[in-house]
Amino acid sequence: MAEKQISLPAKLINGGIAGIIGVTCVFPVDLTKTRLQNQRNGQQIYKNIWDCLTKTLRSEGYFGMYRGAAVNLTLVTPEKAIKLAANDFFRHHLSKNGSSLTLSKEMLAGCGAGTCQVIITTPMEMLKIQLQDAGRLATQQKTVTGTQCLTHGSKHLNTIPLLSRGYNVRPMSVTRNLSATQIAAELLRTEGIKGLYKGLGATLLRDVPFSVIYFPLFANLNKMGQATPNERAPFLHSFFAGCIAGSTAAVSVNPCDVLKTRLQSLNKGANEESYNGIVDCARKIWVKEGPSAFLKGSGCRALVIAPLFGIAQVVYFFNVGETLLEYIQFTRWIA
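Basis of the calculations
- Residues numbered from 1 in each chain as written.
- Predicted model: local features only at pLDDT ≥ 70, side-chain atom pairs only at ≥ 80, totals over all residues.
- Heavy atoms only, no water.
- Helix = DSSP H or I, 4+ residues; strand = E, 2+ residues; numbered from the N terminus.
- Buried < 20%, exposed > 50% of the residue type's maximum accessible area, 1.4 Å probe, protein only.
- Contact = heavy atoms within 4.5 Å.
- Areas by Shrake-Rupley, 256 points an atom, 1.4 Å probe, with all protein chains shown as cover.
- UniProt positions renumbered as here; feature names shortened; annotations may be inferred.
- Expected span 1.5 Å × (residues − 1).
- Arc of directions from axis to C-beta.
- Phe/Tyr/Trp six-rings, centres within 6.5 Å; stacked < 30°, edge-to-face > 60°.
- pLDDT = per-residue confidence, 0-100.

The next thing to look at is the overall build of the protein. Scanning the protein from N- to C-terminus turns up 14 helices and 0 strands. Starting at the N terminus, the α and β elements of the protein follow one another as α-α-α-α-α-α-α-α-α-α-α-α-α-α. Taken over 335 residues, the protein has a buried fraction of 52%. For the protein, restricting intrachain contacts to residue pairs at least 6 apart in sequence, the fraction spanning at least 24 positions comes to 78%. Summing over all exposed atoms, the protein offers an accessible surface of approximately 15,700 Å²; the carbon and sulfur share of this is 66%.

Set out below in structure tokens:
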């Protein structure tokens, strides 16, 4: 029983550490993904991943590549902790007498994990996207008019003046940065808690299928590297299993990620329409931009998720949390 009690906190620590390391490594590519997904046909500022990274670095500097990283680094620990721990929890309760899970039960456990994580993921993504996309909007408006800021087509520009002021672009100036705290406070003041959970349905539509695909795929790929069921797979095998499973799941649900990004973007550029829900968003993208628009940012997303989950699984299987808790218990014992 004691072993079970120490297991969950250790896994929460593992998930948090893995999330922080992973986000730090891949965040510039994640920023690129958001900007590419928000581009409309005929208003393309960035040609591809490399062009977006180069232009962002040139116009906003090195730290501009990490715009929105603070909110991710703050919330990624509980988000990854919930995701990994919830999957383990459901797998444990779905297995009978320690027997191996069937594929359907593995998928069900992943579904439970994806559902649980949106409690943290939705507000985290909501705030991150506003900060990540600010540079694209500023560049677009400078290119189109040179002086004008965002159009007034989006209702959020009228109801959330702080956001529109923060993204305002004036001659010979750059975007005035807002913090995630300021945006969150303004959303709470004007729209209440639902303001932070805008795009919840689209987030569920992305994260639940992702987990349904990722966790069973990783478990089965990782199992191939185990000499016996009780032995752990080698370091590199777990890493590549996490990379392959993560990139496969990421590309599979990319259309849902495009919908989520568009719905959660409060500020719009010139001639960029607003959307009334998932169905309206999907319809407008299909009609105006074609089916290929649903694959925007898929390469970036694969490049983000593959190392992110590769790192996560390696740290998770290194038992860093277990070692840390054992050390804390030891120091208390000798004190």
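Attention now moves to the UniProt feature "transmembrane region" (unreviewed entry) in the protein. Feature annotation in UniProt assigns "transmembrane region" (unreviewed entry) to the following positions: residues 12-31. Spanning residues 12-31, this segment combines 100% helix with 0% strand, and its end C-alpha atoms are found 26 Å apart.

Turning our attention to helix H14 (residues 320-334). Counted at 1.5 Å a residue, the expected span for H14 with its 15 residues is 21 Å, and the 21 Å between its end C-alpha atoms agrees. Turning to H14, its buried residues are Gly321, Glu322 and Leu325. An end-on view of H14 places all buried positions within 100° of arc, on one side of the element. Facing away from the buried side of H14 by over 90 degrees, the exposed positions are Tyr327 and Ile334.

Our next topic: the packing of aromatic side chains. Per the stated rule, a full pass over the model turns up 9 aromatic pairs. With a centroid separation of 5.4 Å and an interplanar angle of 75°, the aromatic rings of Phe239 and Phe240 are classed as edge-to-face. Classification of Phe239 by relative accessible area gives partly exposed; the value is 23%. Among the aromatic residues, ring-to-ring pairing joins Phe27, Tyr62, Phe63 and Tyr66 into one connected group.

Examined against the element boundaries, Leu53 turns out to sit in helix H2 (residues 49-64). A residue is classified by how much of its surface remains accessible, and Leu53, at 16% relative accessible area, is buried. Sequence-wise, Leu53 and Pro28 are 25 residues apart; in three dimensions their C-alpha atoms are separated by 7.5 Å.

A word on the confidence of the model for the protein. Taken residue by residue, the protein gives an average pLDDT of 81. The fraction at 70 or more is 86%. Segment residues 147-159: pLDDT under 50, and 33 contacts once partners within four positions in sequence are set aside and those in other chains are kept. Taken together, the stretch residues 165-175 has pLDDT below 50 and engages in 29 contacts with residues farther than four places along the chain or on a different chain.

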